[in-house]
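The residues making up each chain are set out below.
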Amino acid sequence: AQTVTQSQPEMSVQEAETVTLSCTYDTSESDYYLFWYKQPPSRQMILVIRQEAYKQQNATENRFSVNFQKAAKSFSLKISDSQLGDAAMYFCALGAGNMLTFGGGTRLMVKP
Amino acid sequence: ETGVTQSPTHLIKTRGQQVTLRCSSQSGHNTVSWYQQALGQGPQFIFQYYREEENGRGNFPPRFSGLQFPNYSSELNVNALELDDSALYLCASSLVLGTHYNEQFFGPGTRLTVL
């Protein structure tokens, strides 16, 4: 069984500043992927960034980057130069076998 | 390329009724997964369909059932609706070629309200 835990129900950041969202996970699988999804009020689940567990190099997508600590089973998301459009629910998720396991989410608020 | 679509967008039912939700997978995908997202929570895996057969199931009772059709579209059926079934139901499609995880692409969801 897989578990994903997001310990920050809400986070707030000033526009143009940097924020880090935390995520820890547990799995017995050796072949898995980790994801951060963004879910705005429109409800559409949007993939922000993905990390293959076998890769040591941290993934980066423009202003979004991750800090993947495999031994600690930690997978945090850093958003640089935060923008108003980044405000949303963010979900950490683990993909293994045929399913995704999601964390409980972090609501990110961006202050102008 | 057409993305994942779901219908209807919103649905209101009463306790005890039955409901069918529909999902069309992304072009080229052969697998559909269904998730339930209660308000304020993360999505939970209901089940997955691959080649028209159930290919894994989460912790949901048998009154949650599904179908996959030859064109890879899918239905989620819920019988004997309960108030706790009120949620956003998300469908995700993927192209499964082996046993490892394959990226899933999500539809916009169906909001089900049970009164």
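The model shown is predicted, which means the values in this text are computed figures rather than measured ones. (Residues numbered from 1 in each chain as written. Chains lettered and ligands numbered in written order. Predicted model: local features only at pLDDT ≥ 70, side-chain atom pairs only at ≥ 80, totals over all residues. Heavy atoms only, no water.)

Considerations on the overall build of chain B
The condition is simple: Working definition: helices are DSSP H or I runs of at least four residues, strands are E runs of at least two. Numbering for both runs from the N terminus. For the radius of gyration, the atoms used are the C-alpha atoms, and the globule rule reads 2.2 Å times the number of residues raised to 0.38.
Regarding its fold elements, chain B presents zero helices and 11 strands. From first element to last, N terminus to C terminus, chain B shows the α and β order β-β-β-β-β-β-β-β-β-β-β. What you see for chain B is a C-alpha radius of gyration of 13 Å, in line with the 13 Å of a compact globule of 115 residues. Expressed as lengths along the three principal axes of its C-alpha atoms, the size of chain B is roughly 40 × 30 × 25 Å.

Things to note about the confidence of the model for chain B
Selection criterion: On a scale of 0 to 100, pLDDT captures the predictor's confidence in every residue.
Of all residues in chain B, 97% have pLDDT values of 70 or greater, and the mean over the chain is 93. The least confident element of chain B is strand S6 (residues 53–57) of chain B, whose mean pLDDT is 92; the most confident is strand S11 (residues 110–114) of chain B, at 98.

Observations concerning the interface of chain B and chain A
Inclusion rule: Two residues form a contact once any of their heavy atoms are found within 4.5 Å. Buried area: the accessible area, evaluated with a 1.4 Å probe, that two parts lose upon being put together, summed over both parts. Salt bridges, as used here, are contacts in which a Lys or Arg side-chain nitrogen is within 4 Å of a carboxyl oxygen on Asp or Glu. In the analysis that follows, any N or O atom pair within 3.5 Å is treated as a polar contact, provided that within protein one partner can donate a hydrogen and the other can accept it, and provided that, for residues neighboring in sequence, both atoms belong to side chains.
Opposite the 25 residues of chain B that make contact, chain A presents 20 residues. Together chain B and chain A conceal approximately 1,800 Å² of surface at their shared face, both sides included; 52% is due to carbon and sulfur atoms. Among the residues of chain B in contact with chain A, B:Tyr101, B:Glu103 and B:Phe106 are the three that bury the most area, contributing 37% of the side total. Linking chain B with chain A are one salt bridge, by the criterion used here. Between A:Arg50 and B:Glu103 there is a salt bridge whose closest N-O contact spans 2.4 Å. Counting across the chain B and chain A interface gives seven residue pairs in polar contact (both at pLDDT 80 or more). Looking at the side of chain B that touches chain A, the elements that each hand over two or more residues are strand S4 (31–37), strand S5 (44–50), S6 and strand S9 (87–94) of chain B.

Points about the state of the cysteines
Residue and element names in this part refer to chain B. What counts, and what does not: Sulfur atoms of two cysteines make up a disulfide when they are within 2.5 Å. Exposure is judged per residue with a 1.4 Å probe applied to protein chains only, and the accessible area is read against the type maximum: over 50% gives exposed, under 20% gives buried, and values in between give partly exposed.
Scanning all chains against the criterion turns up two disulfides over all chains. The side chain of Cys-23 participates in a disulfide bridge whose partner is Cys-91; the two sulfur atoms lie 1.7 Å from each other. Across the S-S bond linking Cys-23 and Cys-91, the dihedral sits near -55°, which makes this disulfide left-handed. Highlighted residues: Cys-23 in strand S3 (residues 19–24) and Cys-91 in strand S9, separated in sequence by 68 residues. Side by side, Cys-23 and Cys-91 carry an identical accessibility label, which is buried.

Let's talk about the packing of aromatic side chains
The test is simple: Here is the rule: rings of Phe, Tyr and Trp (six-membered ring for Trp) pair when centre to centre is within 6.5 Å. Planes less than 30 degrees apart are stacked, more than 60 are edge-to-face, and the remainder are tilted.
As enumerated under the stated definition, the model contains 14 aromatic pairs over all chains in all. Measuring from centroid to centroid gives 5.1 Å for B:Phe60 and B:Phe64, while their planes differ by 65°, and the two rings are edge-to-face. An aromatic cluster is defined as three or more aromatic residues linked by ring pairs; in this entry it consists of A:Tyr33, A:Phe35, A:Tyr37, A:Phe91, A:Phe102, B:Tyr35, B:Phe45 and B:Phe106.

Remarks on the sheet that holds strand S8 (residues 74–78) of chain B
All names here are of chain B. Put simply, the rule reads: At least two DSSP bridges between two strands are required for those strands to pair. Each axis is a line fitted through C-alpha atoms, and for a helix only the stretch in contact is used; angles between axes span 0 to 180 degrees, taken between their N-to-C directions.
Pairing is antiparallel across the open sheet formed by four strands, whose spatial order is S1-S3-S8-S7. Of all the strands in the sheet, the pair left with one neighbour each is strand S1 (5–7) and strand S7 (64–68). Across the sheet, the axes of successive neighbouring strands diverge by a mean angle of 20°, strand direction being ignored. With three bridges connecting them, S1 and S3 associate as antiparallel partners. Opposite Gln-6, over in S3, you have Cys-23 as the bridge partner.

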